[in-house]
Amino acid sequence: MRIISFLFTTAATVLLVYLLNRPLGDKVPMPVGNFLSPQTGFWQNAEDTAAGFNADLSFPQLKGKAEVYFDERLVPHVFAENDEDLYFVQGYLHAKFRLFQMDLQTKAAEGRVSEIAGAKAINYDREQRRLGMKFAAENSLHTMEKDPKARAVYTAYTAGVNAYIHSLKKSDLPLEYKILNFEPEEWTNLRTALLLKMMAKMLASGTEKDLAYSRLHQVFSTSQINLLYPQIPDSLKPIVPPGDAFAKPAITPVMPADADSAYFKEVPPVTAFEQYTPDRDNGSNNWVVAGSKTASSAPILANDPHLELSLPSIWYEMQLSTPQGNTYGATLPGSPFVIIGFNDSIAWGVTNAQRDVKDYYAIRFKDSLRNAYWFENRWKLAQQRIEAIKVKGGATVYDTVAYTVFGPVMYDESFRDTLTKQNGLAVKWTAHHTGDDGNTFYLLNRAKNYDDYVNAIQFFECPGQNFVFASKSGTIALWQQGRFPARWNNQGMYVMPGTDRRYDWQGDIPQVENPHALNPARGYLFSANQRPADGAYPYYIPGAYITPRASAIELYLRSMNHITAADMMKLQNNYFNIMARDMMPLLLSYTDTSLLTPGAKKYYDQVRSWDLFAGPLSIGQTIYQTWMDSLSTNVWQDELARAGFKVEMPAEETLMELLKKDSAAMGYVDNINTPEQETLQMQVTDALNKTAKMLAGIEKEGRAEWAKFKDVSVYHLLKEALLPFAHTGLNVGGWGNIINAVKKSHGPSWRMVVQLGTPTEAYGVYPGGQSGNPGSRFYDNAINTWATGNYYRLWMMNRSEQGDARVKWRMNFVK
């Protein structure tokens, strides 16, 4: 019996050891034994509330010494003797506090998520690779490393990241690696380039509608599409103040002679679509007011980029200082430099330009091998790039991508375009061939005046950005900067013929002709993703512009004087719904109250007395937005459904502007699927009756208040997979077309206000914390400050202040 008992116990132990050292499927990807290990498991990631960050570190890569002083929010103030040591330390700190984030984002950029997530990510990886993300990063890296100075900076940053990675013990691995059961790999300069391409995709790869418009063109004319998706709305408040003159264009692109037939009438039908598109509300606000409008007589600059809200945050706050420069602001883990911030002389911020810089070309292959395509009256060889996608738990997937003179063939018979075996769609994107965009930030970090700022931004090519500027000398400016193709009217609206170069871009708009303004008489400038210039601008500049926020900002800035930094913080948190201001009178006047259900009548009375502010407790905002959404569906869905696929509906301001001119909205108000002729009154009333049913349901659930209805949440990067690491149900109002542009998990990712007096007075906050470790007290400590509209005073530390009470920890770096 003793032998049997021994054998049974041994077998059970072996089985237990086997199971605890292997993943148990997708739900439990980590070996449970390792994960629970007291020595190396998740226990090791629980950071004591009294944990400190003092350290004395030695690295042979350093040229001299550097000190890092952490304040009470764990913001590092880095003092180095030279640039290379400065960026080495920045790389080390980024890795120490955000390694998993950097690793995941660059793997996602390269199309390597399947290595972590398995087969469910294969299509995502194929799309990234077919868009040419790595191809683009390799091209940029080539330029980045041609300049010895730039190469030294990027290489120092990479060395800093790797110095931290090499110091890691198994117990030190960030928690996510233990959960997902993989380990970090070495950083390279290419990975920094990949991260910057990920930003380019986020901000400049969803602003074109070529594929959607090509499909819409099967049922709508070009003039109809231009009416539904106008480039210059009536309510436009452009970046360049109206009335400013533009120079005669240096380049005049010529439309091909056969465009009427070969392009506008014979758009090839497509079934392709981009599945993993950036959020259409990726944008931002920035503005600057001159000393003539401020209480202190010093310029004040404000910026809040609107991006996906995540834990850890996309941003990491730092001060970077050498004897040659001193700068502070939001940095991007995975890249050197301060991206948005200020130095001792100037401040700058960015918003997205929203310009369309990506086009598609119809390619005809010789045969199914796709190694030759018809171009300039002959079969031209296509370069082929074989992509090997490693899949966790499965076999490697191979994908052959053909490269043409325009760019990679993103869609063909094997990937989301099933029309014919010999067709393909090549994508041309400015991000494929840009230089060292990072050089702009290197120079901005050291800029002292307007000329330095203009010199710095000229290197920035993609994604196009609106760079706002203010200096201590009193200058204010705003440039839309990027490399933008000069197009003939409606070029790139649809998929273009790719059999020769006649439909290719004919040049870029010269940088000096990018829309910009300097020291305007009115004393303020602003950008909020609106079109940069009115119809007087001499170039065709398609894009996915957003209008209402700019109108609201202009409304306030125009009337404000004796402005303080506190006024600017208040404006960043403003909830006024300017879209509703213009739309509500139409909704109310076209409602037939006699046909409302009792429930709808209650909501009608409620929204009629609404103050037009979308605060967290507002029920009027909930009623208005759901009513507006219902009306948009009533007006547009019947016509758009004829295209045979889901398409983005025209913007709210488009519907409002059409209805102000014509209550039939050019005939779109009528439902073409019914025999009767619907009027605007019928549609508005019906929309509220439909909405009332839904509103009654959410009211019963106690979710009628706007913040509860939206359920504002900041998720971990792995979303629902790690819900315990998220913050849900935040009490925040706002909306994408409101100045405080908070949606469910999207909105102001960094709020900054800088008054350029003496001394500089700066404030900032982001919804997260400095540490990426969910077990740290600095993981999410700023979320409530952000949610309540409060800020931290940003401390530009002097080296002589190392004994200041705000300094809590110190790291010393020596060779």
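Our structure's up above, just so we're on the same page.
The sections below set out a description of the structure shown in this document.

Reading the values: rules and limits
Residues numbered from 1 in each chain as written. Predicted model: local features only at pLDDT ≥ 70, side-chain atom pairs only at ≥ 80, totals over all residues. Heavy atoms only, no water. Helix = DSSP H or I, 4+ residues; strand = E, 2+ residues; numbered from the N terminus. Rg over C-alpha atoms; globule rule 2.2 N^0.38 Å. Buried < 20%, exposed > 50% of the residue type's maximum accessible area, 1.4 Å probe, protein only. Contact = heavy atoms within 4.5 Å. Polar contact = N/O pair within 3.5 Å; in protein donor to acceptor, adjacent residues only side chain to side chain. Pairing = 2+ DSSP bridges. Axes fitted to C-alpha atoms, helices over the stretch in contact; angles between N-to-C directions. Core = buried A, V, L, I, M, F, W, Y, C linked by side-chain atoms within 4.5 Å. Phe/Tyr/Trp six-rings, centres within 6.5 Å; stacked < 30°, edge-to-face > 60°. Parallel < 35°, antiparallel > 145°, perpendicular 65-115°, else oblique. Salt bridge = Lys/Arg side-chain N within 4 Å of Asp/Glu carboxyl O. Expected span 1.5 Å × (residues − 1).

So, about the overall build of the protein. Regarding its fold elements, the protein presents 23 helices and 29 strands. Since a compact globule built from 815 residues should have a radius of gyration of about 28 Å, the 28 Å found for the protein is in line with a globular shape. For the protein, the C-alpha atoms occupy an extent of roughly 85 × 70 × 65 Å along the three principal directions. Looking at the 815 residues of the protein, the share that counts as buried comes to 61%.

Here we take up the environment of Tyr624. Locating Tyr624 in the fold gives a position in helix H19 (residues 620-640). In this structure, the C-alpha to C-alpha distance between Tyr624 and Gln511, residues 113 residues apart in sequence, is 43 Å. Contacts of Tyr624, omitting those with residues within four sequence positions, involve Asn577, Met579, Ala580, Met583, Met584, Leu587, Val607, Trp610 and Glu652. Side chain to side chain, Tyr624 and Glu652 meet in a polar contact 3.5 Å long.

Our focus in this paragraph is the sheet that holds strand S18 (residues 465-471). One open sheet accounts for eleven strands, arranged S1-S29-S2-S3-S7-S8-S9-S10-S18-S19-S21; its pairing is mixed. Bordering the open sheet on either side are strand S1 (55-58) and strand S21 (516-518), each of which pairs with just one other strand. If you compare each strand with its neighbour and ignore which way they point, the axes differ by 15° on average. Most of the contacts of helix H3 (residues 83-110) go to strand S7 (residues 316-322), to which it runs at about 160°, and overall it touches S1, strand S2 (66-70), strand S3 (76-80), S7, strand S8 (325-331) and strand S29 (809-814).

Moving on, we get to the nonpolar core. In this structure, Phe70, Leu93, Trp315, Trp429, Leu444, Tyr453 and Phe813 are the most contacted members of the largest nonpolar core, which totals 135 residues. Among the elements that line this core, the one with the most residues is H3, at 14 residues. Sequence-distant contacts of Leu93, that is, excluding residues within four places in its chain, are made with Val68, Phe70, Pro76, Val78, Tyr316, Met318 and Met811. Within the second largest apolar cluster, 106 residues are counted, among which are Leu311, Phe375, Met493 and Val742.

Time to look at the side chain of Arg483. Tracing the sequence through the fold places Arg483 in the loop between strand S19 (476-481) and strand S20 (496-497). A polar side-chain atom of Arg483 sits 3.3 Å from the main-chain carbonyl oxygen of Thr430. Here Asp508 takes part through its side chain, which lies 3.2 Å from a polar atom of the side chain of Arg483. Ignoring anything within four residues of it in the chain, the contact list for Arg483 reads Val357, Thr430, His433, Thr434, Phe460, Glu461 and Asp508.

With that settled, consider helix H20 (residues 652-661). Here H20 lies mainly inside the structure; eight of its ten residues are buried. Those residues of H20 lying buried are Glu652, Glu653, Thr654, Leu655, Met656, Glu657, Leu658 and Leu659. Elements in contact with the buried residues of H20: helix H11 (222-228), helix H15 (548-559), helix H17 (578-589), H19 and helix H21 (680-700).

This part is about the packing of aromatic side chains. Counted under the stated rule, the structure contains 51 aromatic pairs. Between Tyr213 and Tyr229, the ring centres sit 5.4 Å apart and the planes meet at 45°, which makes this aromatic pair tilted. In this pair, Tyr213 sits in helix H10 (residues 210-216) while Tyr229 sits in the loop between H11 and helix H12 (259-262), placing the two residues 16 residues apart along the sequence. Neither Tyr213 nor Tyr229 differs from the other in exposure class; each is buried. A ring pair is formed by Tyr328 and Phe342, whose centres lie 5.5 Å apart and whose planes are at 25°; its orientation type is stacked. With Tyr328 in strand S8 and Phe342 in strand S9 (residues 340-343), the pair connects residues that are 14 residues apart, well separated along the chain. Take Tyr328 and Phe342: they sit in the same class, and that class is buried. An aromatic cluster is built from Phe53, Phe70, Phe97, Tyr316, Phe778 and Trp809, whose rings are joined through pairwise contacts.

Now for the packing of H19 against H20. Direction vectors running N to C along H19 and H20 enclose 70°, while the axes themselves pass 11 Å from each other. Judged by the inter-axis angle, H19 sits roughly perpendicular to H20. Where H19 abuts H20, its residues Tyr624, Gln625, Met628, Asp629, Leu631, Ser632, Val635 and Trp636 lie against Glu652, Leu655 and Leu658.

Turning our attention to the sheet that holds S20. Strand order across the open sheet formed by four strands is S16-S17-S11-S20, with mixed pairing between neighbours. Edge positions in the sheet fall to strand S16 (409-412) and S20, since each of these pairs with one other strand and no more. Pairing analysis gives seven bridges linking strand S11 (residues 358-364) to strand S17 (residues 423-429), with the strands arranged antiparallel. Following the sheet pairing, Asp359 is matched in S17 by Lys428.

So, about the pattern of salt bridges. In total, this model carries 43 salt bridges according to the counting rule given. Between Glu84 and Lys63 there is a salt bridge; the shortest N-O distance is 2.9 Å. With Glu84 in helix H3 and Lys63 in the loop between S1 and S2, this residue pair connects regions lying 21 residues apart in the sequence. Taking relative accessible area as the criterion, Glu84 reaches 27% and is therefore assigned partly exposed. Under the relative-accessibility criterion, Lys63 is labelled exposed at 53%. Residue Asp686 pairs with Lys690 through a salt bridge whose shortest N-O separation is 3.0 Å. One end of the pair is Asp686 and the other is Lys690, both in helix H21 and four residues apart, which spans about a single turn. A relative accessible area of 29% means that Asp686 is categorised as partly exposed. You can call Lys690 partly exposed: its relative accessible area is 43%.

The next thing to look at is the pairing of S7. Along S7, seven of the seven residues are buried, which leaves the element largely enclosed by surrounding structure. Neither face of S7 is exposed, since Tyr316, Met318, Leu320 and Thr322 on one face and Glu317, Gln319 and Ser321 on the opposite face are all buried. Of the strand pairs in this sheet, S3 and S7 are connected by three bridges, and their pairing is parallel. Following the sheet pairing, Phe79 is matched in S7 by Ser321. Linking S7 to S8, which pair antiparallel, is a turn of two residues.

Right, let's talk about unusual backbone geometry for a bit. Of the consecutive residues Leu311 and Pro312, the connecting peptide bond is found in the cis state with omega at -5°. Inspection of the secondary structure assignment puts Pro312 in the loop between strand S6 (310-311) and S7. That bond from Cys462 to Pro463 is cis: its omega, 5°, falls within 30 degrees of zero. In this structure, Asn181 is a non-glycine residue whose phi angle is positive, near 65°. Along the chain, Asn181 falls in the loop between helix H8 (175-180) and helix H9 (189-204). Accessibility expressed as a relative area gives 35% for Asn181, which makes it partly exposed. The phi torsion at Met666 lies on the positive side, around 60°, for a residue other than glycine.

This part is about H15. Taking 1.5 Å of rise per residue, twelve residues should cover 16 Å, and H15 covers 17 Å from first to last C-alpha, within 8% of that figure. Within H15, the full set of buried residues consists of Pro548, Arg549, Ala550, Ser551, Ala552, Ile553, Glu554 and Leu557. Looking at the buried residues of H15, the elements they touch are strand S4 (283-289), strand S5 (300-308), strand S22 (524-527), helix H16 (565-572), H17 and H20.

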